[in-house]
Every structure is written in structure tokens, then in C-alpha cells.
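Observations on the three-dimensional arrangement
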Amino acid sequence: MNIVDIIDAKRRGQTHSQEEIAFLVHGMQQGTVRDYQVAAWLMAVCLQGLNLDETTWLTEAFVRSGDQLDLSGVGGVTVDKHSTGGVGDKTTLVLAPLLAAAGVKVAKLSGRGLGFTGGTIDKLEAITGFETALPKAQFLKQVQEIGVAIGRQTGNLAPADGTMYALRDVTATVDSIPLIAASVVSKKIAAGASVIVLDIKCGRGAFMKDLTQARQLAETCQAVGQRLGKRLVTVISSMEQPLGYAVGHSVELMEVIRTLRGEGPADLTELCQALGSIALLEAGLAKTPQDAVQQLTACVESGRALATFKAMVVAQGGDPECLEDFSLLPQPARISMIPSPVTGTVQSIDALMIARAAQAVGAGRRTKEDPIDLGVGVVLHKKVGDTVQQGETLVELYSDAAHATEAMDLLRDAFCFTEGPVTPPPLILLEPTHAAP
Ligand code: URA
């Protein structure tokens with residue numbers, strides 16, 4: 001078998017055999033297939049696609065590239081939640097401790113930022129000392145004792161996905177339905193939870209730009225999961241405007257803490273309740289959606305959700321003081337305010353432009369080796385549907401540069417206004433679905 005023939009076949013729109021896909025993934029891991037060859041194949045896949053068989057084989061090859069986590073010893077029902085990536089999407093950081101406080105076990109393996117989207121692991125590293133590379137035994141012990149651990153997808157869980165994920169990030173080959181499905185489903189299978197909830201993001205700030213694409217991704221993930229014996233519940237949620245008000249690392253972490261205290265933005269709170277309810281229902285811990293929401297609300301109001309987050313931070317070597325005193329989190333050198341050019345109502349906020357502004361000041365990676373700046377980012381003061389006076393602050397840019405002209409221009413252009421009232425778009429675009437057994 002020859003890698004050049006495999007790339008050429010996909011470029012011409014031909015279908016791969018299971019052996020060809022296994023050869024490519026194995027070769028990539030061994031270094032006999034080079035980065036540039038994988039990159040060329042990825043681009044061919046973006047243009048020509050993979051059918052369901054090929055997507056399933058790719059998923060299987062990713063899973064087989066490493067170990068599968070055995071969660072049978074952690075006690076209780078294990079739940080995993082995954083988002084396909086959005087702007088300001090800090091849901092995992094709220095939901096993981098919240099669900100653990102509600103009585104399920106959350107063993108969460110997360111990634112770094114990909115494309116224009118932020119990564120849970122990067123955000124957690126804003127906490128001084130927080131360790132995301134956890135040895136397997138420690139990770140499992142923590143899930144058993146505290147109910148939650150969030151670790152980096154290191155070592156041996158679907159490592160081939162990790163290799164390909166990093167290459168996709170820097171070769172404009174992220175937004176392909178089969179590649180995303182294989183990446184997400186392989187990680188979920190390798191991570192071993194029994195209840196899996198996938199949040200498929202849809203809109204300007206997501207890889208799936210419209211509902212048709214998002215449905216296709218949801219159906220592909222369910223079908224691949226079903227073929228490989230895993231039931232996945234998918235929800236499609238809107239990513240037209242950023243989720244919450246903060247986009248970055250420290251700034252998002254602060255919003256997470258506020259949400260765990262019950263003082264978070266309405267949209268983030270709504271999404272966490274929606275996904276959390278599905279997880280509790282699937283886990284058999286709630287009888288109705290109302291019961292699930294009540295349990296989740298009680299976890300926040302009693303302080304148990306925040307206490308669980310704190311316990312996780314301590315167990316993973318982080319400084320818990322950062323959760324009380326936000327000045328201990330990485331800070332920007334300057335905060336610049338952008339005033340509204342008009343009096344009116346915010347009609348739309350382009351989530352992608354907001355993400356690009358955050359990336360322009362150092363919150364995202366342009367190459368896979370790039371360091372990121374954990375103190376910079378964007379904080380919105382207005383969301384869609386809010387009224388604003390001319391000169392009032394629309395958004396703030398947290399940056400280290402004296403002249404962040406590109407980012408400031410992006411932020412100005414991200415907002416559209418109208419004179420009349422605007423109803424904010426619905427957050428949940430498609431209620432939970434799963435493949436028939
Ligand atoms: N999230 C993932 O885990 N993988 C992708 O490919 C995209 C989003």
C-alpha cells in the first residue's frame with residue numbers, strides 16, 4: 001500500500017477500504033506517513049467527503065490507536081458531554097462539576113482550542129498550578145472520590161485523533177462532517193462513559209453553519225456510534241452569537257464561577273440546564289425534565305456545584321484562591337472599550353468575528369506550536385436584543401498590545417443594529433435525539 005495512491009484516490013473522489021484507512025492512521029502514528037501527507041489527505045476529505053463506512057473505519061482506527069478507559073470501578077453512572085466547539089463555549093466547565101454534584105460520575109477528557117474555538121483545557125490552565133495531564137490511576141481515583149475529573153486527551157486515549165486534530169487546526173480542514181464525527185465519537189468511545197451527550201453547535205461561530213449541516217453531523221455521530229455499539233444523544237444548539245459574555249481564558253473562567261454561583265448569563269445557564277437534564281434523565285437519576293432542572297438548580301443554590309468545582313481544582317493541583325480572587329488569574333496589560341456608534345437595538349453579533357478578534361490578540365493558536373495568552377480576550381456588554389445608547393460600551397477588548405487595531409476593527413464590525421425591538425434567537429435548535437436501537 002502506498003500513501004500517495006491513497007491521497008490520490010481520495011482527491012479523485014474514490015472510496016477507501018478499511019485497510020487503507022488503517023494504513024494511513026497507523027502510518028501517521030508511526031511517522032512513516034508524514035504530516036504533509038496527512039494534511040493533503042485531510043484536504044481531499046474536506047473536498048470529497050467520506051461515506052459512513054469510511055467514517056466508521058476512521059473512528060475505529062482512532063479508537064484502536066490507543067487504550068479504552070475502563071470506568072467500571074468508579075461507582076455510579078458515568079456521564080460524558082462533548083461540544084463540537086463554539087465561541088465562548090464554557091459549558092463543560094459548568095456542567096461537569098454540576099452533574100457530579102447531582103450524583104453522576106463525570107470523567108471528562110477535553111482538548112485544546114481548535115480553529116477559532118476555545119479549548120476547555122486551555123481555560124483550566126488559567127488556574128495557577130492546575131494539572132491537566134493526569135495519570136490514568138489518579139484520574140480514575142479522582143472521579144471515584146470527587147465525582148469529576150477533567151483531563152487532557154494525552155497518552156493513550158484515541159491518540160491518533162489527537163495527532164490529526166492538531167494538523168486539522170492549522171490546515172483549514174476542521175469543518176468536515178466525517179472528520180468531526182470520527183474525532184468526537186472515537187474520543188467518546190475511548191473515554192468509556194455509559195451516557196454520552198453531544199452538543200452540536202450551529203451558526204456563525206460553529207463549524208456547522210446551518211441546521212442542515214448540523215443535523216447531518218448529529219445523524220453521522222449517532223450512526224457511527226450505533227455501528228460501534230455506543231448510544232449517543234445529540235442536541236443542536238445555536239452559536240450565532242457567543243455563549244455568555246466572555247470569550248478568552250481567564251475571562252471565561254470567571255464567568256464559569258459566576259454561573260456555578262447562580263449568577264451566570266441566562267443563555268449559558270439555560271444550556272447547562274438543558275444538557276444537564278438530558279444527562280440526568282439518561283442516567284436514570286431524574287424522572288422528568290422538570291425534576292432534573294430542580295435537582296440541578298438545588299445543586300447551584302446549595303453551593304454544592306461550586307464546592308465540587310473547587311474540590312476538582314484542589315485535587316488537580318490548582319490554586320483554589322483563584323476562584324475567590326479573580327485578580328490571581330492571568331490579567332491583560334490593558335482593557336479597551338468600544339462604544340456603540342448608534343442608539344438602537346443589537347440585531348446580531350457575529351460570533352466568528354468576535355473569535356477572530358480574541359485570536360488576533362493572542363487567545364487562539366495560528367500554528368499548532370503557538371503559545372496562547374491566557375489573560376486576553378473579549379467581554380461583551382451587550383447581547384442580541386439589548387438596547388444601547390450611542391457612546392455606551394458595547395464590548396471590551398482585553399489585550400497586551402498597545403495598538404490592537406485588527407481586533408478593534410473586528411469587534412466594531414461584529415455588531416449590527418436596528419431601530420425596532422429584536423427577539424433573541426432560540427438557543428436550543430433541535431431537542432435531544434438518538435439513533436434507534
Ligand atoms: N471537536 C472535536 O472533538 N473534534 C473535532 O473535530 C471538532 C470538534
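Residues numbered from 1 in each chain as written. Predicted model: local features only at pLDDT ≥ 70, side-chain atom pairs only at ≥ 80, totals over all residues. Heavy atoms only, no water.

1. Here we look at the packing of aromatic side chains
For the record, the criterion: The rule is short: rings of Phe, Tyr and Trp, with Trp giving its six-membered ring, pair when the centres are within 6.5 Å, and they are stacked under 30 degrees, edge-to-face over 60, tilted in between. Using a 1.4 Å probe on the protein chains alone, a residue whose accessible area is under 20% of its type maximum counts as buried, one over 50% counts as exposed, and one in between counts as partly exposed. Only Lys NZ and Arg CZ are tested; either one counts as a charge over a ring when it is within 6 Å of the ring centre and within 35 degrees of the ring normal.
Considering all chains together, one arrives at one aromatic pair under this definition. Seen from their ring centres, phenylalanine 415 and phenylalanine 417 are 6.3 Å apart, and the 15 degrees between their planes marks the pair as stacked. Look at phenylalanine 415 and you get buried, because its relative accessible area is 5%. Residue placement shows lysine 383 over the ring face of tyrosine 245; its charged tip is 5.5 Å from the ring centre.

2. A few points about unusual backbone geometry
Our working definition: In DSSP terms, a helix is any run of H or I states spanning at least four residues, a strand is any run of E spanning at least two, and both are numbered starting from the N terminus.
In the Ramachandran plot, alanine 158 falls in the positive-phi region, its phi being about 40 degrees despite a non-glycine side chain. Take alanine 158: it is sitting in the loop between β3 (148–152) and α8 (159–169). A residue is classified by how much of its surface remains accessible, and alanine 158, at 0% relative accessible area, is buried.

3. A look at the sheet that holds strand β2 (residues 105–110)
Stated formally: A pair of strands counts as paired when DSSP detects no fewer than two bridges linking them. All axes are obtained by fitting lines to C-alpha atoms, using only the stretch in contact for helices, and the reported angles, taken between N-to-C directions, cover 0 to 180 degrees. For this analysis, residues touch if any pair of their heavy atoms sits within 4.5 Å.
Sheet architecture is open: six strands sit in the order β3-β2-β1-β4-β5-β13, paired in mixed fashion. The sheet is open, and its two edges are formed by β3 and β13 (428–433), each paired on a single side. With direction set aside, neighbouring strand axes in the sheet form an average angle of 20 degrees. As paired strands, strand β4 (residues 195–202) and strand β5 (residues 233–238) are joined by six bridges and run parallel to one another. When the bridges of β5 are listed, isoleucine 200 appears paired with isoleucine 236. The strands that helix α9 (residues 177–191) touches are β1 (78–83), β2 and β4; relative to β1, the one it contacts most, it runs at about 165 degrees.

4. With respect to helix α1 (residues 3–11)
The cut-off we apply is this: The arc in question is the one spanned by the directions pointing from the helix axis to the C-beta atoms. The definition of a polar contact used here is a pair of N or O atoms within 3.5 Å, where within protein one atom must be able to donate a hydrogen and the other to accept one, and adjacent residues in sequence count solely through side-chain atom pairs.
By the burial criterion, the buried members of α1 are Ile3, Ile6, Ile7, Ala9 and Lys10. Mapping the buried residues of α1 onto a view down its axis gives an arc of 160 degrees, with all of them on the same face. Seen from the open side of α1, the exposed residues pointing more than 90 degrees away from its buried face are Asp5 and Arg11. Where α1 is buried, its residues touch α2 (18–30), α3 (35–48) and α4 (52–64). Its side-chain oxygen 2.7 Å from the backbone nitrogen of valine 4, asparagine 2 forms the N-cap of α1.

5. Focus: the sheet that holds strand β10 (residues 387–388)
Spatial ordering of the open sheet is given by β10-β8-β12, a layout of three strands whose pairing is antiparallel. Taken across any chain shown, the strands that pair with only one partner, and hence form the sheet edges, are β10 and β12 (415–418). The pairing of strand β8 (residues 344–349) with β10 spans two bridges and is antiparallel. Pairing of threonine 345 across the sheet is with threonine 387, part of β10.

6. Overview of the site of the ligand
Spelled out, the test is: Throughout, near means a residue has at least one heavy atom within 4 Å of the molecule or strand. All accessible-area figures derive from a Shrake-Rupley calculation using a 1.4 Å probe, and residue coverage is judged against the displayed protein chains alone. Residues were grouped as follows: Ala, Val, Leu, Ile, Met, Phe, Trp, Tyr, Cys and Pro as nonpolar; Asp, Glu, Lys and Arg as charged; and all remaining residues, including Gly, as polar.
Around the ligand, nine residues are found, and the nearest of them are His82, Thr84, Arg168, Ser183 and Lys187. Histidine 82 is positioned with one of its side-chain polar atoms (N or O) 2.9 Å from an oxygen atom of the ligand. At 2.8 Å from an oxygen atom of the ligand is found a side-chain nitrogen or oxygen belonging to arginine 168. Protein burial of the ligand: of its 240 Å² of free accessible surface, 97% is covered by the chains. Listed by contribution, the elements that provide at least two residues to the shell around the ligand are α8 and α9. For the shell around the ligand, a count of residues per class yields four nonpolar, three polar and two charged.

7. Topic: the nonpolar core
Our working rule: Among the buried residues, those of types Ala, Val, Leu, Ile, Met, Phe, Trp, Tyr and Cys that are joined through side-chain atoms within 4.5 Å form a nonpolar core.
Among the nonpolar cores identified, the biggest contains 85 residues, and Leu99, Ile127, Phe309, Ile354, Val378 and Phe415 are the most heavily contacted of them. Examining the composition of this core, we find that eight residues originate from one element, helix α5 (residues 91–101), more than from any other.

8. Focus: the side chain of threonine 59
One can find threonine 59 in helix α4. Not counting the four nearest positions on each side in its chain, threonine 59 is found in contact with Ala182, Val185, Ser186, Val224 and Leu228.

9. As for α3
Note the threshold: Multiplying 1.5 Å by the residue count of a helix minus one yields the expected span of that helix.
Here α3 spans 20 Å end to end across 14 residues, near enough to the 20 Å set by a 1.5 Å rise per residue. Gln37, Val38, Ala39, Trp41, Leu42, Ala44 and Val45 are the residues of α3 that are buried. Positive backbone phi, approximately 80 degrees, marks glycine 49, located one or two places after α3.

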